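Residue-level listing of the chains:
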Amino acid sequence: MVAPAVPEVTEEVLHESIDARTESLVALRELGPPDLVHLLKQGVRNTAKQTGIYHHVTGVDASSSASLAAYINTLTYKDNGPGATSKIVEGVYCCYNAFSRLDMRVHVSIPGTVESYCVDERGEKRKASDELWLETYLCSVLRAYSYADNGSGETIRKIMGVRRFNPITNTETEQRFLNAAEQLFFRGWQLGSDSVVQVPTNVSNHLTTGLLKYLETTGRYASGINLFEKLRTQSIEVSSLLSRVMFMGNEEVSGVKNLYQSLQETPMDYVMLDTQAEFLLKKAQKAETPEQRDEILRLALGCADRSTIAAPSEFGTWARLAQVYVAMEDWENALTTLNSCPMFTYQDKDTPIMPEAREVHLPILPETRLDEIDSEPDSRFSEQVDASLLGLRAAGYRGTFKQAYRILTEMTAKIGWDQLLKIRSNVFVMEDEYRSEKQEASHTAPLKRSPSIDGLRGTPVPMTNGDEESGDEETGQAEENGCSTADALDANGDGSSVEKPPHTINPQLVKADTDNTTQNDEHLSKLNTKRLCERWLDSLFMVLYEDLRVYTIWRTQMAQYRAQQMQYKKSAEEWEILGALAERLQHFDEAVEAYRACLSLRFSPKSLAGVLRVFEKTKNTRDSVAAIIRLVTWQYRWYSEFSPELLHTIRTLIEDDGAVKVRSIIQATSLPQNVLDLTHHYAALCATFRSSGTEG
């Protein structure tokens, strides 16, 4: 298999990239940035002329200084060949150890010596030990999975010129990875966790997320069960991970039995309870009769409700309870539970902060040449995009806000916007009714207060409902933006079928009013059964309104153009945004329509990945393979030979249809052989891991 091309970023000042990395160490909070490879080039004739170049990389074996030095040597073989005007005389490989918060470095002189050391947050050198190399190796594998692209190209575009390799290519390297994970498992919480987890634990952190992602990608469930069974003997809480892997591997009876037995010992383990609720929710979707479905959901409700008691400050437990209520079609409780979710500010992955480059060289490997892909960058940057489409703020949601928005859109897709607004006004105190009640109260003599009325006097407890400032930071000035967008859309006279949501009362305003008045509170009695809506949730309604308005305008205009037999024209970028909008609102047929319209104008990995998701659901093998070939080629074009999601998709196709059929469909495609070989490489990985469907 040919290696991806090597991008080159040229420095203005020698070694400034390494200095910038050293300065950024103190600010790292996650797994760390991709590895940095710095090379010193020297002219063959003019030896005094030296140039510093660098690139980033993930997935290289970081188990020892020798393996990192070997990577630098592979780069010198390419550049120091005959006819070269310059040669590499020195290389430095930097790989972050998130356990000990050290940057492990290997300095290679060519020809000459190899020196390995580590640098701490203060920039001071330390000696590298075997224990530190073990930690570094595990971090490098987790980074390769965590920072890999999902096929859409969004991760690739975040950092320029990163070479991405598969860190685990056979069962031997798998064993090394699992052994390292076993040795360091109970220190995994030190790595932090996804932004939806408030407090990292032994079973909720970046290490366990990486392990589960690896097992799901490769289908090596037996290896995972083996590992977690060993770890379970040391701590009962590992049972939640063991059952998850059993569920993945279709060993449901064993998984349920394991959870049942473990919960006898630790009945308030919230991760186990959440795992049960998640399993039951999926089972309810496949129930044969409504009675069975209701019974399963009733069990799921008990587990989800108990998990919120066990972990009231975790977002995931409340979100799961809201999902159960949505599945039960208990809309008021779903909205009330969603309002109770603790929201956290999104913590993005660590990215390198580098000084401005003097020159950037992004070479194209001949093996990735494909006309439709090569023409993508030129056409992409010349497209016009409507301002109303660029202003859709839901597209930028991440972490807890993205998941909460997904629950809200699921409710909207099931009951409609108008019904959702009615439920919202039944559950929450609306601004107009509060004002009218306050006016009535001002004309009446004051009477005694009652404890039940005091429920309206304060804001919800901040610790339960998340950091209010963080929520405002994430959602921004939603009402102002929502109103201005809505007014602009009203001016067009389109999309009038979507009613603008009225405001709920601001909890801070209620607090201020009750502090500054001695009027009769008894007149607020009919509001006592209602809640105060969190500001972030109120903002989410405004953002949802923006999405629905733009979507309605688009569909209305499309219908009008079709009725007049006229072509509805949009740029490729606009079609891509509309496709993402429709998918966000769970209108999947319309999303595919928009994505296809985008692809008819130019290549777009995001649109093709969106279409592929639908092909997977409909079991359309031939079209899925055609999409995968192009996505794999585009990824490879931008130096990534590894995408866990694409590998998982190919493995699933092979499981369903067999390796012989999938390979035949790949080979029968009328594309250059060098392009097909890239996808054959993914299929060969499945055979190496002895995935189901590869036998014989």
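The notes below deal with the structure included here. (Residues numbered from 1 in each chain as written. Predicted model: local features only at pLDDT ≥ 70, side-chain atom pairs only at ≥ 80, totals over all residues. Heavy atoms only, no water.)

**As for helix 8 (residues 239-248)**
Now for step 1: Within helix 8, 8 of the 10 residues are buried, which leaves it mostly tucked inside the rest of the structure.
Now for step 2: For helix 8, the secondary structure elements touched by its buried residues are helix 6 (206-218), helix 7 (221-232), helix 9 (252-265) and helix 10 (270-285).
Now for step 3: Taken from the residues just after helix 8, Asn 250 is the one with a positive phi, measuring 60°. (Buried < 20%, exposed > 50% of the residue type's maximum accessible area, 1.4 Å probe, protein only. Helix = DSSP H or I, 4+ residues; strand = E, 2+ residues; numbered from the N terminus. Contact = heavy atoms within 4.5 Å.)

**Here's the deal with the packing of aromatic side chains**
Now for step 1: Inspection of the entire model under this criterion finds 20 aromatic pairs.
Now for step 2: When the ring of Tyr 71 is compared with that of Tyr 93, the centres are 5.8 Å apart and the planes differ by 90°; the resulting orientation is edge-to-face. Taken as a pair, Tyr 71 in helix 2 (residues 65-79) and Tyr 93 in strand 4 (residues 86-97) lie far apart in primary sequence, 22 residues in all.
Now for step 3: Between the aromatic rings of Trp 634 and Trp 638, the centroid separation amounts to 6.5 Å while the plane-to-plane angle is 55°, which identifies the pairing as tilted.
Now for step 4: A relative accessible area of 1% places Trp 634 in the buried class.
Now for step 5: Following the ring pairs from residue to residue traces out a cluster consisting of Tyr 145, Phe 177, Tyr 214, Phe 642 and Phe 689.
Now for step 6: Directly above the ring of Phe 541 sits Arg 424, whose terminal nitrogen or CZ lies 4.6 Å from the centroid. (Phe/Tyr/Trp six-rings, centres within 6.5 Å; stacked < 30°, edge-to-face > 60°. Lys NZ or Arg CZ within 6 Å of the ring centre and 35° of its normal.)

**Remarks on unusual backbone geometry**
Now for step 1: In the segment running from Ile 110 into Pro 111, the intervening peptide bond is cis, with an omega of -15°.
Now for step 2: The backbone of Glu 329 sits at a positive phi, close to 65°, despite the residue not being glycine.
Now for step 3: Structurally, Glu 329 is set in the loop between helix 12 (315-327) and helix 13 (331-339).
Now for step 4: In this model, Arg 690 sits at a positive phi of 55°, which is unusual for a non-glycine residue.
Now for step 5: Counting through the fold element by element, Arg 690 comes out in the segment after helix 31 (673-688).

**Section: the side chain of Glu 135**
Now for step 1: One can find Glu 135 in helix 3 (residues 130-146).
Now for step 2: A distance of 2.9 Å separates polar atoms of two side chains, one belonging to Glu 135 and the other to Asn 97.
Now for step 3: Beyond its immediate chain neighbours, meaning those up to four positions away, Glu 135 contacts Asn 97, Phe 99, Ser 100, Leu 184 and Arg 187. (Polar contact = N/O pair within 3.5 Å; in protein donor to acceptor, adjacent residues only side chain to side chain.)

**Focus: the pairing of strand 5 (residues 102-109)**
Now for step 1: When you tally the buried positions in strand 5, you get 7 out of 8 residues, the bulk of the element.
Now for step 2: Taken together, the 8 bridges between strand 4 and strand 5 define a ladder with antiparallel strand orientation. In the strand pairing of strand 5, Cys 95 is matched with Met 104.
Now for step 3: Between the end of strand 4 and the start of strand 5, which pair antiparallel, lie 4 residues, with Arg 101 showing a positive phi angle near 55°.
Now for step 4: When strand 5 meets strand 6 (residues 114-119), the two strands line up antiparallel, connected through 6 bridges. (Pairing = 2+ DSSP bridges.)

**Describing the pattern of salt bridges**
Now for step 1: As enumerated under the stated definition, the model contains 34 salt bridges in all.
Now for step 2: Across the salt bridge formed by Glu 131 and Arg 187, the nearest N and O atoms sit 3.7 Å from each other. You can see Glu 131 sitting in helix 3 and its partner Arg 187 sitting in the loop between helix 5 (171-184) and helix 6, a full 56 residues away along the chain.
Now for step 3: Residue Glu 131 is classed as partly exposed on the basis of its relative accessible area of 41%.
Now for step 4: Looking at Arg 187, the relative accessible area reads 26%, which means it is partly exposed.
Now for step 5: The salt bridge partner of Arg 298 is Glu 295, with a shortest N-O separation of 2.6 Å. In this pair, Arg 298 and Glu 295 both sit in helix 11 (residues 290-310), 3 residues apart, roughly one turn of the helix.
Now for step 6: Given a relative accessible area of 48%, Arg 298 falls into the partly exposed group. (Salt bridge = Lys/Arg side-chain N within 4 Å of Asp/Glu carboxyl O.)

**Some words on the nonpolar core**
Now for step 1: Residues Leu 138, Phe 177, Phe 185, Leu 191, Leu 207, Leu 211 and Phe 228 are the most contacted members of the largest nonpolar core, which totals 81 residues.
Now for step 2: Discounting chain neighbours no more than four positions away, the residues touching Leu 207 are Leu 138, Leu 142, Ala 181, Leu 184, Phe 185, Gly 188 and Leu 191.
Now for step 3: Among the nonpolar cores identified, the runner-up in size contains 72 residues, and Leu 321, Leu 338, Trp 417 and Trp 554 belong to it. (Core = buried A, V, L, I, M, F, W, Y, C linked by side-chain atoms within 4.5 Å.)

**Overview of helix 13**
Now for step 1: Most of helix 13 sits inside the fold, with 7 of its 9 residues counted as buried.
Now for step 2: Looking only at helix 13, the buried set comprises Trp 331, Ala 334, Leu 335, Thr 336, Thr 337, Leu 338 and Asn 339.

**Some words on empty space enclosed by the protein**
Over the atoms rolls a probe the size of a water molecule, and in doing so it shows where empty space is left.
Now for step 1: Across all of its chains, the model carries 1 cavity of 30 Å³ or more by this definition.
Now for step 2: Taken as a whole, the largest cavity holds about 30 Å³ of empty space.
Now for step 3: If you go around the largest cavity, the residues you meet are Gly 59, Val 60, Asp 61, Ala 62, Tyr 137, Ser 140, Val 141 and Pro 167.
Now for step 4: Tallied by class, the residues present in the lining of the largest cavity amount to 5 nonpolar, 2 polar and 1 charged. (1 Å grid on protein atoms, 1.4 Å probe; cavity = no way out; pocket = protein on both sides within 12 Å on 5 of 7 lines; lining within 4 Å. Points joined across faces, edges and corners; volume = space filled by probe spheres on them. Nonpolar A, V, L, I, M, F, W, Y, C, P; charged D, E, K, R; others polar.)

**Digging into the pairing of strand 6**
Now for step 1: Hairpin connection between strand 5 and strand 6: a loop of 4 residues separates the two successive antiparallel strands, and Gly 112 in this loop has a positive phi of roughly 155°.
Now for step 2: Relative to strand 7 (residues 125-126), strand 6 runs antiparallel, the two being bridged by 2 bridges. Looking across to strand 7, one finds that Cys 118 is bridged to Arg 126.
Now for step 3: Following strand 6, the chain reverses through 5 residues before pairing antiparallel with strand 7; Gly 123 in that reversal takes a positive phi of roughly 85°.

**Quick word on the packing of helix 6 against helix 7**
Think of two packed helices as two axes; the pair is described by the angle between the axes and how far apart they sit.
Now for step 1: Where helix 6 meets helix 7, the closest approach of the two axes is 8 Å, and the angle between their N-to-C directions is 150°. When the axes of helix 6 and helix 7 are compared, the pair comes out roughly antiparallel. Of helix 7, the residues touching helix 6 (which contributes Leu 211, Leu 212, Leu 215 and Glu 216) are Tyr 221, Gly 224, Leu 227 and Phe 228. (Axes fitted to C-alpha atoms, helices over the stretch in contact; angles between N-to-C directions. Parallel < 35°, antiparallel > 145°, perpendicular 65-115°, else oblique.)

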